[in-house]
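Topology and contacts: notes
Listed below are the residues making up each chain.
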Amino acid sequence: MWPLSQPGLALAFIDFTNTFSPLLIGLLGLVWFSAGFIVFSAIREYRAPKTEFPAKEMLASEDYRDAA
């Protein structure tokens, strides 16, 4: 591998910081929005009233014999 300080080699460096800035801000905003929505949904689900299902009534053993 050549050392970077050799004479005669052209080094090209392009700074895309300003070009990709809006894209990065948009992507970070989307990530934060998604994370916030997930947290909001989880809190809403946690605080929602729990539905209680009625207990099943057990039939007497005589009913099973009659059905058979």
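Points about the overall build of the protein chain
Counting its secondary structure elements, the protein chain contains two helices and zero strands. Within the structure as shown, the protein chain displays about 7,500 Å² of accessible surface, and the carbon and sulfur contribution to it stands at 67%.

Some words on the packing of aromatic side chains
In this description, a pair of aromatic rings is defined by centroid distance and the angle of the planes. Applying the stated criterion across every chain, the model contains zero aromatic pairs. Its guanidinium or amino end placed over the ring of Y46, K50 lies 5.9 Å from that ring's centre, counting from NZ or CZ.

Re a nonpolar patch on the surface
Together, F16, F20, L23 and L27 line one region of the surface with nonpolar side chains, adding up to about 410 Å² of accessible area. Tracing the chain through its elements places F20 in helix 1 (residues 17–47). For F20, a relative accessible area of 45% translates into the label partly exposed.

Let's talk about helix 1
With 31 residues, helix 1 ought to run about 45 Å at 1.5 Å a step, and its terminal C-alpha atoms sit 43 Å apart, in line with that. Of all the bends in helix 1, the largest measures some 25° and sits at L23.

About the cut-offs
- Residues numbered from 1 in each chain as written.
- Predicted model: local features only at pLDDT ≥ 70, side-chain atom pairs only at ≥ 80, totals over all residues.
- Heavy atoms only, no water.
- Helix = DSSP H or I, 4+ residues; strand = E, 2+ residues; numbered from the N terminus.
- Areas by Shrake-Rupley, 256 points an atom, 1.4 Å probe, with all protein chains shown as cover.
- Phe/Tyr/Trp six-rings, centres within 6.5 Å; stacked < 30°, edge-to-face > 60°.
- Lys NZ or Arg CZ within 6 Å of the ring centre and 35° of its normal.
- Patch = residues over 30% accessible without salt bridge, like charges linked within 9 Å, V, L, I, M, F, W, Y side chains within 5 Å.
- Salt bridge = Lys/Arg side-chain N within 4 Å of Asp/Glu carboxyl O.
- Buried < 20%, exposed > 50% of the residue type's maximum accessible area, 1.4 Å probe, protein only.
- Expected span 1.5 Å × (residues − 1).
- Bend = angle between axes of the 7 residues up to and from the residue.

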